[in-house]
Amino acid sequence: MEAFDNYLNNLVNRHKENFSDYSNIRWLNPYQAPKVQETRDRLTKNLAGNMLFKETKFYHHQLSKGCKLCGLGTWSCLFITNKCNADCFYCPSSQKNDEVPATQSLTFENAESYAGYINFFGFKGVSFSGGEPLLFFDRTLHYLKTIRKMCAPDIYTWMYTNGILADSKKFRKLAAAGLNEVRFDIGATGYRLEKVKTAKGIVPHITIEIPAVPEEKEKLKQLLPQMIEAGVTNLNLHQLRLTKHNATKMLQRNYTFIPAEQPVVMESELAALEILHFAHEKKLEIGINYCSFFFKNRFQQAGFRKQLGKALATPGAVITEKGFIRELTENTIGYKALVISENGSTGTHCTELQLPQKTCYVKSETAMKPQTVDADTKARLEILLKNEPAKIPEDEFLFRIWQMEYIEKGLREY
């Protein structure tokens, strides 16, 4: 796996350079790794049959419909605002100012234009996030009502909230407008469930969605029966990740970081898996899933590329599992990616895309320049393109092709 090892080493070097201003980062070292891997293997042993999305998502009991749509790439997340009224240490970005609702670098100043976007690309799920959507309740409600009025009747909708401003009156209005699910980040409210209970019996599905904070692991285990009593049907546990925005607070906690495509917290993954293991052993009637960084990084990006490709690529174009457009000739292979934006780039060919009350621009960017393939390599390339290999290719060229074609399987070894 020389090519893959080189790729991982490049990630290590890139992160150490990007975070060179922080001298106290504890990166996972080779001496720790075997013991940590042994712990993860023990925790996941009984969950072997409960893995989805190429073994990147471990779960107990069930997944919410929204989580399934996310993995399939048929979901759009609208950031209804960028302003939040909480101050969670793990938040990866600054959320201080209200901004125009946006998704995938596109802004939608009116709800009708967003509904048109949903219809054009055929999304089957819509979520409202932020920031904090309840800070701008009327706006959130209006966009929800418009989605229900203009989009398919079976579209699945949900909202993320820290719950600080939650009350039953708001949830009755949201439920009456067709909200299917609400997701609470109880980490913002000291892991209290009072606000969660205000949605019980009103919103059809109640989820708690939080990062797996290692220090709160035992508290969460003990809270599981109370969550069920409060009407919670699912618990989604994310992996903590390091950004320059949260670095000062995160590094005070002495976590160990893994240099994946973004630095992630080792202890967070183990905490999530331990809670899953606990619920499985106790046979608790609540759906729990570990929304690993690898799931989010691989499936969410590929999913959006595939939605663009299905709607905008030339008829007959080959769209890979990774969402890239394959360009194959007798002796060359290359890959393109479609990109949608609000502005046509000067000097770059863009195609205008007219959506209801919204003009966008689409361009085709090079994801991998066309490469000439000799006869020997071509034979191996054809095998790789026909079937996903059981092992990651060692050859650098074939490894690059594999990255363009397939979503990597499983959680990486430590």
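A brief structural summary. (Residues numbered from 1 in each chain as written. Predicted model: local features only at pLDDT ≥ 70, side-chain atom pairs only at ≥ 80, totals over all residues. Heavy atoms only, no water.)

### What about the pairing of strand β19 (residues 358-372)?
Inference 1: Pairing geometry for strand β17 (residues 332-341) and β19, over 9 bridges, is antiparallel. Across the sheet, the residue bridging to Ala337 is Glu365, located in β19.
Inference 2: Where strand β18 (residues 351-355) and β19 come together, 5 bridges link them in antiparallel fashion. Counted as the bridge partner of Leu353 is Cys360 from β19. (Pairing = 2+ DSSP bridges. Helix = DSSP H or I, 4+ residues; strand = E, 2+ residues; numbered from the N terminus.)

### Here we look at the sheet that holds β18
Inference 1: Taken in spatial order, the 5 strands line up as β15-β16-β17-β19-β18 in an open sheet, and their pairing is antiparallel. If you trace the sheet from one side to the other, it starts and ends with β15 (318-319) and β18, each paired once.
Inference 2: Along the sheet, helix α4 (residues 111-121) contacts β17, β18 and β19; its crossing angle with β18, the most-contacted strand, is approximately 115°. (Contact = heavy atoms within 4.5 Å. Axes fitted to C-alpha atoms, helices over the stretch in contact; angles between N-to-C directions.)

### A few points about the packing of helix α2 (residues 33-44) against helix α10 (residues 266-282)
Inference 1: Put simply, α2 and α10 touch, their axes get as near as 9 Å, and they point 25° apart. Considering their axes alone, α2 and α10 lie roughly parallel with respect to each other. α2 and α10 meet at a crossing whose hand is left-handed. Facing α2, whose interface residues are Val36, Thr39, Arg40, Arg42, Leu43 and Thr44, α10 presents Met266, Glu269, Leu270, Leu273, Glu274 and His277.
Inference 2: Partitioned by chemical class, the residues of the contact of α2 with α10 number 5 nonpolar, 3 polar and 4 charged. (Parallel < 35°, antiparallel > 145°, perpendicular 65-115°, else oblique. Left-handed = near helix turned anticlockwise from the far one by under 90°. Nonpolar A, V, L, I, M, F, W, Y, C, P; charged D, E, K, R; others polar.)

### Considering the nonpolar core
Inference 1: Counting residues in hydrophobic clusters, the biggest one holds 97 residues, and the most contacted among them are Tyr117, Met227 and Leu235.
Inference 2: Sort the elements by how many residues they give to this core and α10 lands first, with 8 residues.
Inference 3: The residues contacting Met227, other than those within four sequence positions of it, are Ile186, Leu193, Ile208, Leu220, Val232, Leu235 and Ile286.
Inference 4: Leu381, Leu384, Phe397 and Tyr406 belong to the second-largest nonpolar core, a separate cluster that totals 19 residues. (Core = buried A, V, L, I, M, F, W, Y, C linked by side-chain atoms within 4.5 Å. Buried < 20%, exposed > 50% of the residue type's maximum accessible area, 1.4 Å probe, protein only.)

### Topic: the sheet that holds strand β13 (residues 263-265)
In sheet architecture, strand pairing relies on hydrogen bonds along the backbone and comes in two forms, parallel and antiparallel.
Inference 1: As summarised here, the arrangement of the 3 strands in space is β1-β12-β13, forming an open sheet in which the pairing is mixed. The open sheet terminates on both sides in strands that have one partner only, identified here as β1 (26-27) and β13.
Inference 2: Inspection of the sheet shows strand β12 (residues 256-259) paired to β13 by 3 bridges, in the antiparallel sense. Looking across to β13, one finds that Phe257 is bridged to Val265.

### Regarding the side chain of Lys322
Inference 1: Along the chain, the position of Lys322 falls in the loop between β15 and β16 (325-328).
Inference 2: As a buried residue without a salt bridge, Lys322 has its nearest oppositely charged side chain in Glu408, at a separation of 7.1 Å.
Inference 3: Separated by 2.7 Å, the side chain of Lys322 and the backbone oxygen of Gln403 make a polar contact. (Lys, Arg positive; Asp, Glu negative; His and termini not counted. Salt bridge = Lys/Arg side-chain N within 4 Å of Asp/Glu carboxyl O. Polar contact = N/O pair within 3.5 Å; in protein donor to acceptor, adjacent residues only side chain to side chain.)

### Quick notes on the layout of surface pockets
Inference 1: A volume near 1100 Å³ is recorded for the second largest pocket.
Inference 2: If you go around the second largest pocket, you meet 41 residues; those closest to its centre are Phe4, Leu411, Arg412, Glu413 and Tyr414.
Inference 3: Of all the secondary structure elements, the ones that give two or more residues to the lining of the second largest pocket are α1 (2-18), α2 and β12.
Inference 4: Top contributing element to the lining of the second largest pocket by residue count: α1, with 6 residues.
Inference 5: Residues of the lining of the second largest pocket, tallied by class, amount to 21 nonpolar, 6 polar and 14 charged. (1 Å grid on protein atoms, 1.4 Å probe; cavity = no way out; pocket = protein on both sides within 12 Å on 5 of 7 lines; lining within 4 Å. Points joined across faces, edges and corners; volume = space filled by probe spheres on them.)

### Some remarks on the pattern of salt bridges
Inference 1: Applying the stated criterion across every chain yields a total of 22 salt bridges.
Inference 2: A salt bridge links Glu181 to Arg183, with the shortest nitrogen-to-oxygen separation between them at 2.8 Å. Per residue, the accessibility class of Glu181 equals that of Arg183, and both read buried.
Inference 3: Counted as one network, the salt bridges with shared partners bring together Lys217, Glu218, Lys221 and Glu274.

### Details of the packing of aromatic side chains
Inference 1: Applying the stated rule across the entire model yields 21 aromatic pairs.
Inference 2: Ring centres of Phe171 and Phe184 lie 5.8 Å apart, and the angle between their planes is 70°; this geometry places the pair in the edge-to-face category. Of this pair, Phe171 sits in helix α6 (residues 168-176) while Phe184 sits in strand β9 (residues 181-184); the two residues are 13 residues apart in sequence, bridging distant segments of the chain. An identical accessibility class is assigned to Phe171 and Phe184; each is buried.
Inference 3: With a centroid separation of 5.5 Å and an interplanar angle of 25°, the aromatic rings of Phe295 and Phe299 are classed as stacked. Linking Phe295 with Phe299, this pair stays in helix α11 (residues 293-312), spanning 4 residues, or about one helical turn. In this pair, the class of Phe295 matches that of Phe299, namely buried.
Inference 4: Here the aromatic residues Phe108, Tyr114, Tyr117, Phe120, Phe121 and Phe123 are joined through ring pairs into a cluster of three or more.
Inference 5: Its guanidinium or amino end placed over the ring of Phe295, Lys57 lies 4.1 Å from that ring's centre, counting from NZ or CZ. (Phe/Tyr/Trp six-rings, centres within 6.5 Å; stacked < 30°, edge-to-face > 60°. Lys NZ or Arg CZ within 6 Å of the ring centre and 35° of its normal.)

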